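# Close look at the chain arrangement
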Amino acid sequence: MGKAAKSSRKFAASGKLKQAIQSRKKHQQMQKKIQGRRGAHGKGKQQAATEETGSDNDDEKDVKGAPKKAGKDVKKMTVEDLLGAQFMDDDDDAEEDEDDAAGDELNAAEEEEEDVADDQSFASVDDLEDQGTIHMLELAQLAEKDPEFYKYLQENDRELLEFSATQGSPDETDDEDDVMDEDEDDEDEGEEIPILTTDILKTWQRALLEHRSLRALRKLLIAFRSAVHMNADNQVLLWRIDNAAVYTKLVTTSLRYTPIVLAYHVPYKTLPNGKFKQPTQSAKQKALQKLTLSYFNNVVHLIPQLTDSETLRLALTESAKILPYVVSSRKAVKTYLKQCLELWSTGEDDIRIAAFLAIRRLASSTEDSIVDLALKSTYLALVRACKSTSTYRLPSLTLMKNSACELFCVDHSATYPHAFGYIRQLAILLRGGMKTKTKEAYKQVYNWQYAHCVDFWALVLGRACDARAQAERGGQESELWPLIYPLVQVSLGAIKLISNSRSYPFHLHIARSMLHLTRHTRTYVPLTPYLLPIISSTLTASGKPKSSTLRPLDMETHIRAPAQYVKTRIYAAGLVEETVFILAEWLGSGPVHGSVAFPELIVPIVVTLRRTLKNCKDLGKEAGMVKGLLERVEDCINFGPGKMGEVEHWEANVQIEESPLGKYLKVQRKTREKRKRMIDKANKGEDEILED
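Let me begin by describing the structure that accompanies this report. The written sequence of each chain sets the order in which its residues are numbered from 1. The model is predicted, so local features are restricted to residues of pLDDT at least 70 and side-chain atom pairs to those at 80 or more, both for listing and for counting; the totals for chains, interfaces and linings are taken over all residues. To obtain the side-chain values, all non-hydrogen atoms of the structure were included, while hydrogens and water were left out.

### Thoughts on helix α22 (residues 412-436)
Runs of H or I in DSSP of at least four residues are treated as helices and runs of E of at least two as strands, each being numbered from the N terminus. Expected helix span is given by 1.5 Å per residue-to-residue step, counting one fewer step than there are residues. Along its 25 residues, α22 runs 36 Å from first to last C-alpha, staying within 8% of the 36 Å computed at 1.5 Å per residue. Following α22 by one or two positions, Lys437 has its phi on the positive side, about 55 degrees.

Right, dumping it as structure tokens:
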């Protein structure tokens, strides 16, 4: 026998040899148990593969069947159960229990690798580089043994002959070991765990950049695991990091270099529609699978520990590139998705965006079960974040709704079952309020979660069924188009559920969502029967409005008016101003103002507004707003529908922005934007006085 290497002698002297032997025996026993499960009932490889596929299909059925389960026990559920969708979390727990009972081999191997944390961890990765040297020797002998075939390869497959085995070469490994030995010589002889230095990191970086060395990658990721679990108990660590700069450099190097090396050795395919496919099965892919999954789990464990926003954003961005290699592990994917959703719901704006991009990357998988999991989890996280709304939370909620809308519009066919199920939940809650007519039933509809859910699905349908998007698809109608009608019916039914003055802010929220849907889908939604009563009841209310020193009520951040605002002039002025603006926006939208039916549509509006002004006892600022809108509407049309020549000419040449109503809307929008900027300054303490 030859002389043992210095590193082997030091490892034996450290007292961990016995522990390593026990860990390997435990690993062997685990492998025997797995093999025993495979052959327990005489099942062959083909039947085992069939069982795995069946379990994946069962997971997919569980995800798609979640909305159906909501309708069975709906009578026993509250608004927290339906909109918060706690029953879906129970389904997830059941799925995880089934996965654990089935004995997922990949997760078992992953847990075993956590126990085997010595230099022999993932040692099979080093064998891949030795295969490169063997392949070079075979090619060198081929010219002598079979010159005709060698000539054929020169003409048709020159890349095979130009194969380079420099990666992981013996010289490189020797140099690397020399650096490690030199560093260890400088340490105290009694030191058990070596200290990671900058020189060792630079050696690994050079090997990764120049040769894409798998051996260097293995050593880097073992050191990365030591850094991630350095404060954990009962962990066998191979490296000690005493310097903060080395720790940061190790983390950033692992995050940046690992996707590059994996893509070089095990590339995956990206389809034209942006979806990715898992790498094809090969010996190298199987050898790297455990290493990749262990690294991915370490990144998931690291993310909650990071406090620096730049490093956290880097971890989210780079970890998303590893997803094609780990989507086969449902447990790892669920844990990662949970971390991303937490950051998407509570982080800073740049962290939210990075987390959302990682979620969207996960939803780009070709596996339907993964896509369904991402869509369902994203919607539930959005609903939970919408329990309350304030001036400071509104921008973050708007960002969440817009980003989630983008995710749901990637694949319309995958979105349809989710959209159908969740819009159905809104209808169930509304039906409960219409039947029982109790205070608790009304609260299940008149809350922020309901309003934000209606607005979110209006955003999704508006984007998916937009006229321009349909033109880009060659005139093909979106799969989500049939859901416009049920959403409109549910929304208008929610407005009619309660009609007292304190509930008017909720009505205006729903009206804004329907206005957005009208603009983008060119679908006529009759909003005037729900907006005109607000103006009429406010201006013709019995009794004189009470004067008050209260601040103007922000209609965007209130869903129900406080009791002290009822019958006050400040509340009446805010209601009329907001309602008149929404009515003007609806009349100025393309589907309404650009239609030949516009002359007929404005008749009941003009009659109602004139009657309201006539019965209004106090012709103040509020009545002036209504009178201004009425004048602009009457100026838009000066001919009747019987003159078809003028109708066709007007419809062909109408320019909404240049019409009297369009100019009126321009002024109103500028005024509202100016006032909103002043309110924002006042909230930040930059300006204490608001001008009228």
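### What about the side chain of Ser345?
Tracing the backbone through its elements, the reader meets Ser345 in helix α18 (residues 330-346). Polar contact criterion, stated in full: a pair of N or O atoms within 3.5 Å, where within protein one must be able to donate a hydrogen and the other to accept it, and residues adjacent in sequence count only if both atoms are side-chain atoms. A polar contact is formed between the side chain of Ser345 and the backbone oxygen of Leu341, at a distance of 2.8 Å. Residue contacts are counted whenever heavy atoms from the two residues lie within 4.5 Å of one another. If we skip the residues at most four places from it in the chain, Ser345 touches Arg352, Ala381 and Met400.

### Structural notes on the side chain of Asp372
Along the chain, Asp372 turns up in helix α20 (residues 368-385). Side-chain polar atoms of Asp372 contact the side chain of His418, separated by 3.3 Å.

### A word on unusual backbone geometry
Phi at Arg212 is positive, roughly 50 degrees, even though this residue is not glycine. You can see Arg212 is positioned in the loop between α12 (198-211) and α13 (214-228). Not every positive phi belongs to a glycine, and Lys567 is a case in point at roughly 60 degrees. Burial here depends on accessible area, computed with a 1.4 Å probe over protein chains only, as a share of the maximum for the residue type. Under 20% is buried, over 50% is exposed, and the range in between is partly exposed. Judged by relative accessible area, Lys567 falls into the exposed class, the value being 63%.

### What about the packing of aromatic side chains?
How two aromatic rings sit relative to each other is given by the distance of their centres and the angle of their planes. We call Phe, Tyr and Trp rings a pair once their centres come within 6.5 Å, taking the six-membered ring for Trp, and we label the pair stacked below 30 degrees between planes, edge-to-face above 60, and tilted otherwise. Within the structure shown, the criterion is met by 15 aromatic pairs. Ring centres of Tyr268 and Phe276 lie 6.5 Å apart, and the angle between their planes is 70 degrees; this geometry places the pair in the edge-to-face category. For the pair Tyr524 and Trp586, a centre-to-centre distance of 5.8 Å together with 50 degrees between the ring planes defines the contact as tilted. A residue pair is termed long-range when its members are at least 10 positions apart, and Tyr524 in the loop between α27 (504-521) and α28 (528-539) and Trp586 in helix α29 (residues 569-587) qualify at 62 residues. Looking at Trp586, the relative accessible area reads 1%, which means it is buried. Put simply, the rings of Tyr379, Phe408, Tyr422, Phe456 and Trp457 touch in pairs and so form one group of aromatic residues. The ring of Phe581 has Arg672 sitting right over it, with the charged end atom 3.9 Å from the ring centre. The rule for a charge over a ring is simple: NZ of Lys or CZ of Arg within 6 Å of the ring centre, and within 35 degrees of the ring normal.

### Examining α28
With 12 residues, α28 should reach 16 Å at 1.5 Å per residue; the first-to-last C-alpha distance of 16 Å fits that figure. Looking at α28, one finds that the buried residues are Thr528, Tyr530, Leu531, Leu532, Ile534, Ile535, Ser536, Thr538 and Leu539. Those residues of α28 that are buried are in contact with α26 (484-497), α27, α29, α31 (598-615) and α32 (621-636).

### Some thoughts on the packing of α20 against helix α24 (residues 448-464)
In this analysis, axes come from line fits to C-alpha atoms, helices being fitted only over the stretch in contact, and the angle between any two N-to-C directions falls in the range 0 to 180 degrees. Following both chains from N to C, one finds α20 and α24 inclined at 140 degrees, their axes separated by 9 Å at the closest point. As judged from the angle between their axes, α20 and α24 are oblique. Considering how the two elements wind past one another, α20 and α24 form a crossing that is right-handed. Listed contacts from α24 to Tyr379, Leu382, Val383 and Arg384 of α20 are Gln449, Cys453, Phe456 and Trp457. The scheme is simple: roughly parallel for angles under 35 degrees, roughly antiparallel for over 145, roughly perpendicular for 65 to 115, oblique for anything else. Note: crossing handedness is left-handed where the near helix turns anticlockwise from the far helix by less than a right angle, and right-handed where it turns clockwise.

Any functional reading would require information that these geometric values do not contain.
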